[in-house]
Amino acid sequence: MILDDLVKVTTKRIAAEKAQIPLSKLQAKAEQLPVQKHSSLSKRFLQPGLHIIGEVKHSSPSKGTIVNDFPYLQIATEYQAANVDAISVLTEPDYFKGDLKYLQEISKQVRTPLLRKDFTIDPYMIYQAKSAGASLILLIVAILSERQLADYLKLAKRLGLTALVEVHDESELKRALNQEVELLGVNNRNLNDFSVDLNNSLRLRNLIPQDIPMIAESGIKTTADAKKLKDAGINGVLIGETLMRSTDKTELIKQFKVV
Ligand SMILES: O=P(O)(O)OC[C@@H](O)[C@@H](O)c1c[nH]c2ccccc12
């Protein structure tokens, strides 16, 4: 199963990174950065309208290389100009061709809140995210124990980071709702077989309290897709491939915003 592989390579990578920059040093750096008023970020997604998270993604295990040309700074700048609510930056190198440096560089150029998109399995990665300029981190319920989920949520909160807690099905959602979750993501992609089903988001929205904003993730291609999600009470969409392949991202974001 791909998630198992991702956890394995990530564990290995983080061990190597810890040998480069020790936790204590990274922690010191992260702790001295200002703490943003983090609760306001998740609440923003409860405001009327469909909120957009644009993703900066070079490649993925399901699609391979998505774009050959990958001017990540330019893409992030364009997303910001189009007024997206947040920008998701893939930092996982082995399967997504991501890099922490993309996040670091983008954070120096844009003010839009940034989501570190990675397979968080160690507190070290949360300190890294903070140090690299992220405002949000991804916590994938499927790869975390109850203890880890609780601890990472607490750490994120302390550092002023908003956690996007990702679930794929009812049982994961149940586990997420046992915790103090402020922002929920429902992945429409099944990471076992890569099948995508927008109904996943539509179905799970009814099981999520209205005061918790929900983001539909993956496989959103058309404004009709986005409209269906919005009409079901979904607060935001996370769009990667469709935006990455678009030659007019600004126009497309504009269209997604007014569905
Ligand atoms: O490119 P898409 O189909 O629009 O999907 C974006 C995003 O949802 C997807 O990249 C994603 C959702 N959850 C993840 C977890 C890790 C890595 C990537 C992801």
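Residues numbered from 1 in each chain as written. Predicted model: local features only at pLDDT ≥ 70, side-chain atom pairs only at ≥ 80, totals over all residues.

In the nomenclature of an unreviewed UniProt entry, the protein chain is known as Indole-3-glycerol phosphate synthase of Companilactobacillus versmoldensis DSM 14857 = KCTC 3814. Here is the UniProt Sequence similarities (unreviewed entry) comment for the protein chain, exactly as written: "Belongs to the TrpC family." (UniProt positions renumbered as here; feature names shortened; annotations may be inferred.)

Another aspect to go through is the overall build of the protein chain. Counting its regular elements, the protein chain contains 13 helices and 10 strands. The globule rule puts the C-alpha radius of gyration for 259 residues at 18 Å, and the 17 Å found for the protein chain is close to it. Here the C-alpha coordinates of the protein chain stretch approximately 50 × 40 × 40 Å along the principal axes. Excluding contacts between residues fewer than 6 apart, the proportion of contacts in the protein chain whose partners are at least 24 apart in sequence is 68%. (Helix = DSSP H or I, 4+ residues; strand = E, 2+ residues; numbered from the N terminus. Rg over C-alpha atoms; globule rule 2.2 N^0.38 Å. Contact = placed C-beta atoms within 7 Å.)

Another aspect to go through is the pairing of strand S4 (residues 86-90). Burial analysis of S4 places five of its five residues in the buried class, the great majority of the element. Of the two faces of S4, the one carrying Ala86, Ser88 and Leu90 and the one carrying Ile87 and Val89 are both buried. Inspection of the sheet shows S4 paired to strand S5 (residues 114-117) by four bridges, in the parallel sense. Paired with Leu90 across the two strands is Lys117, which belongs to S5. (Buried ≥ 20, exposed ≤ 12 C-beta atoms within 10 Å, placed from the backbone. Pairing = 2+ DSSP bridges.)

Our next topic: the nonpolar core. In this structure, Ile87, Leu115, Ile137, Val165 and Val237 are the most contacted members of the largest nonpolar core, which totals 71 residues. With residues near it in sequence (within four places) discarded, Ile137 still touches Arg116, Thr120, Ile126, Ala129, Ala156, Leu161 and Ala163. (Core = buried A, V, L, I, M, F, W, Y, C linked by C-beta atoms within 7 Å.)

Bringing the sheet that holds strand S9 (residues 214-217) into the picture now. Picture the strands of a sheet paired through backbone hydrogen bonds; they go either parallel or antiparallel. Ordered by their spatial adjacency, eight strands build a closed barrel running S1-S4-S5-S6-S7-S8-S9-S10, and the pairing between neighbours is parallel. Between one strand and the next, the sheet's axes are offset by a mean angle of 25°, whatever the strand orientation. (Axes fitted to C-alpha atoms, helices over the stretch in contact; angles between N-to-C directions.)

Turning our eyes to something else, we now look at the packing of helix H2 (residues 23-31) against helix H7 (residues 123-131). At a closest axis distance of 9 Å, the pairing of H2 and H7 adopts a crossing angle of 40°. When the axes of H2 and H7 are compared, the pair comes out oblique. In this structure, the crossing between H2 and H7 has a hand that is left-handed. Each of Leu23, Leu26, Gln27, Lys29 and Ala30 in H2 lies in contact with H7, whose residues at this interface are Tyr124, Tyr127, Gln128, Lys130 and Ser131. Split into classes, the residues belonging to the contact of H2 with H7 amount to five nonpolar, three polar and two charged. (Parallel < 35°, antiparallel > 145°, perpendicular 65-115°, else oblique. Left-handed = near helix turned anticlockwise from the far one by under 90°. Nonpolar A, V, L, I, M, F, W, Y, C, P; charged D, E, K, R; others polar.)

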